[in-house]
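Geometric and topological summary
What follows is each chain in one-letter form.
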Amino acid sequence: MANLAVTFAGVEFRNPLVLASATPSWDGEGMKRAGLAGVGGVIPKTIGPVQDWAAHPRNGRFHLIRHNGRPIGMVNLELFTTKTREAWVKEDLGVAKEGGAVIQASVLAMPDPEDTARLVEEIQGTGMVDLLELNVSCPMPAAGVGMHIGKSPELTYIQTKVAKSVAKRPLTVKLTPTVFDMVEVALSVKQAGADGLSISNSVRSFAGVDIETGKPFLRGYGGYSGPAIKPVVMRHLSEVARKVDLPISAIGGVMSFGEIIEYIMLGATTVQTATAVMWNGYGIISKWLKDLGDWMAKKGYKSIDEIRGIALPYITTTEELAKLPPLVAGISQDNCTKCGICERVCMYRAVSSIGGTYQVDKAACDGCGACVQWCPGGAVKLGSMAI
Ligand SMILES: Cc1cc2nc3c(=O)[nH]c(=O)nc-3n(C[C@H](O)[C@H](O)[C@H](O)COP(=O)(O)O)c2cc1C
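To start, this report covers the structure provided alongside it.

What counts and how
- Residues numbered from 1 in each chain as written.
- Predicted model: local features only at pLDDT ≥ 70, side-chain atom pairs only at ≥ 80, totals over all residues.
- Heavy atoms only, no water.
- Helix = DSSP H or I, 4+ residues; strand = E, 2+ residues; numbered from the N terminus.
- Near = heavy atom within 4 Å.
- Polar contact = N/O pair within 3.5 Å; in protein donor to acceptor, adjacent residues only side chain to side chain.
- Areas by Shrake-Rupley, 256 points an atom, 1.4 Å probe, with all protein chains shown as cover.
- Contact = heavy atoms within 4.5 Å.
- Pairing = 2+ DSSP bridges.
- Axes fitted to C-alpha atoms, helices over the stretch in contact; angles between N-to-C directions.
- Core = buried A, V, L, I, M, F, W, Y, C linked by side-chain atoms within 4.5 Å.
- Buried < 20%, exposed > 50% of the residue type's maximum accessible area, 1.4 Å probe, protein only.
- Phe/Tyr/Trp six-rings, centres within 6.5 Å; stacked < 30°, edge-to-face > 60°.
- Lys NZ or Arg CZ within 6 Å of the ring centre and 35° of its normal.
- Right-handed = clockwise from strand over helix to strand, strands pointing away.

**Points about unusual backbone geometry**
- A cis amide bond links Ile 199 with the next residue in sequence, Ser 200, at an omega value of 5°.
- Topologically, Ser 200 is positioned in the loop between β10 (196-199) and β11 (203-205).

Okay, structure coming up:
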């Protein structure tokens, strides 16, 4: 049987799947359930200041973004934990521990880094946590916290440096995807001495407008999560993985075991999930872990380390892509269902129906591959001009 264990920032996880800091980890019981379902690690909802200035709106704070009726993402207006620091320290972290997963505590970087340091000391003082995840990336933060810190390499450096100076456990930093260049922020985290990165938090977003009433679905900016954000996260993850020598926990839009593998192939060591658990319940964890183990066995992989980063060498620049030999589409008549989608989606007018069969004018084909992507029967392929 394949061994799913991974070592992240010096800590062993029984498998790479981690419950992200979000609603499913709002209390110890939720994390215990995820642990009993087999998850490798759990991260409580971000623990912040002593005072309760960040109470959640209790009048609806989620909006599903749908395409053809099916959800492709979710905007939320949820803030940090509603549990008091005392409750986490005295009770909930202990309950979470009963699930048997590694505990990676999410601590909020606060406007004054000395407050951040005090929080780190208090949380690690419980003896319940194995790692710390510094949150500099909340997408709807009050002044001076969340992505106000994480968008700046300088502020992120200071917060990380101060937190690391008191941390007795490995310290990772959770970054915001709402920046152009995550690499420069990640480099500042490395320079400040952190042990790992979490890539990334949800994307700052707006839920939309109800056209019947003319009013917004949610009256503030929120965090976008779920399948729609995965390409954004994969961009940041692969750029950082190629340039910054730190272990990475990837987060965003995992909806099947295959996406855990995809993130690992792009350089991640652990992979977190939040929205999928909110949409499917904690049971999805055991299903994915079984599917992951079966896939590893089928492929003959003995450990997760064998696949980490294997996709990265193939990623290249626009300039290099333009030098590659051109390809053109070809249609296999055996598999063609004659649905006509290839003709409709070809903006180069290279596909047409001639004598009842769809054919490609190779001189007109621009090699874009749109027809290949849309063909329902797999009848269209890209090949060299010689085909
Ligand atoms: C409802 C909700 C609440 C969240 N709360 C937190 C939080 O307190 N701290 C944090 O670091 N990230 C928080 N996140 C972000 C998630 O940890 C994760 O980075 C993001 O949702 C992308 O992963 P997903 O697509 O698997 O949900 C929250 C996400 C959701 C959906």
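Structure's up, so let's keep going.
**With respect to the site of the ligand**
- Near the ligand, the surroundings consist of 25 residues, among which Ser 21, Thr 46, Lys 174, Gly 253 and Thr 275 are the closest.
- Between an oxygen atom of the ligand and a main-chain N or O atom of Ser 200, the distance comes to 3.1 Å.
- Between an oxygen atom of the ligand and a side-chain N or O atom of Thr 275, the distance comes to 2.5 Å.
- Calculation on the ligand without its partners gives an accessible area of 610 Å², and the protein chains cover 98% of this total.

**As for the environment of Lys 83**
- With respect to the helices and strands, Lys 83 occurs in the loop between β6 (70-76) and α2 (85-97).
- Placed 74 residues apart in sequence, Lys 83 and Ala 9 show a C-alpha to C-alpha distance of 28 Å.
- For Lys 83, the contacting residues outside a window of four places in its chain are Trp 26, Asp 27, Trp 88 and Asp 92.

**Focus on the sheet that holds strand β15 (residues 248-251)**
- Taken in spatial order, the 8 strands close into a barrel running β3-β4-β7-β8-β9-β10-β15-β16, and their pairing is parallel.
- By the bridge criterion, 2 bridges tie strand β4 (residues 41-42) to strand β7 (residues 102-108) in an arrangement that is parallel. Counterpart to Val 42 in the pairing with β7 is Ile 103.
- Packed on one face of the sheet, helix α3 (residues 113-124) meets β7 and β8 (131-135) and runs near 155° to β7.
- Its contacts with the sheet put helix α6 (residues 182-191) on β9 (171-175) and β10, and the angle it makes with β9 is roughly 160°.

**Focus on the nonpolar core**
- If you look at the biggest cluster of nonpolar residues, it comprises 93 residues, and the most contacted ones within it are Leu 175 and Leu 197.
- It is helix α10 (residues 283-299) that contributes the most residues to this core, 7 residues altogether.
- Dropping the residues within four chain positions of it, Leu 197 is found in contact with Phe 8, Thr 172, Val 173, Leu 175, Ala 186, Val 189, Val 240, Val 244, Leu 246, Pro 247, Ile 248 and Ser 249.
- Residues Cys 342, Ala 350, Cys 371 and Val 380 belong to the second largest nonpolar core, which totals 15 residues.

**A word on α6**
- By the burial criterion, the buried members of α6 are Met 182, Val 183, Val 185, Ala 186, Ser 188 and Val 189.
- Looking at the buried residues of α6, the elements they touch are α4 (147-150), α5 (153-166), β9, β10 and α7 (230-243).
- Of the residues that open α6, the one with a side-chain oxygen 3.0 Å from the backbone nitrogen of Val 183 is Asp 181.
- Following α6 by one or two positions, Gly 193 has its phi on the positive side, about 95°.

**Considering the side chain of Ser 21**
- Relative to the elements of secondary structure, Ser 21 occurs in the loop between β3 (17-19) and α1 (28-36).
- When its relative accessible area of 14% is taken as the criterion, Ser 21 is described as buried.
- Of note is the side chain of Ser 21, whose polar atom sits 2.8 Å from the backbone oxygen of Pro 44.
- Within the local environment of Ser 21, its side chain forms a polar contact with the backbone nitrogen of Thr 46, the two atoms lying 3.1 Å apart.
- Sequence-distant contacts of Ser 21, defined by excluding residues within four places in its chain, comprise Ile 43, Pro 44, Lys 45, Thr 46, Ser 106, Lys 174 and Gln 272.

**Considering the packing of aromatic side chains**
- Counted under the stated rule, the structure contains 3 aromatic pairs.
- Summarising the aromatic geometry, the rings of Phe 206 and Tyr 221 are spaced 5.6 Å apart at their centres and angled 55° between planes, so their arrangement reads as tilted. With Phe 206 in the loop between β11 and β12 (209-210) and Tyr 221 in the loop between β13 (215-216) and β14 (222-225), this pair connects stretches of sequence that are 15 residues apart.
- The class for Phe 206 is partly exposed, based on a relative accessible area of 38%.
- Arg 235 extends its terminal NZ or CZ atom over the ring of Phe 180, reaching a point 5.6 Å from the ring centre.

**Considering the pairing of β15**
- Residue alternation in β15 divides its side chains into two sets, Ile 248 and Ala 250 and Ser 249 and Ile 251, and both sets are buried.
- Sheet topology places β15 next to strand β16 (residues 270-273); 3 bridges connect them, and they run parallel. Within β16, the position partnered with Ala 250 by the bridge is Val 271.
- In this fold, the crossover linking β15 to β16 by way of helix α8 (residues 257-265) has right-handed handedness.

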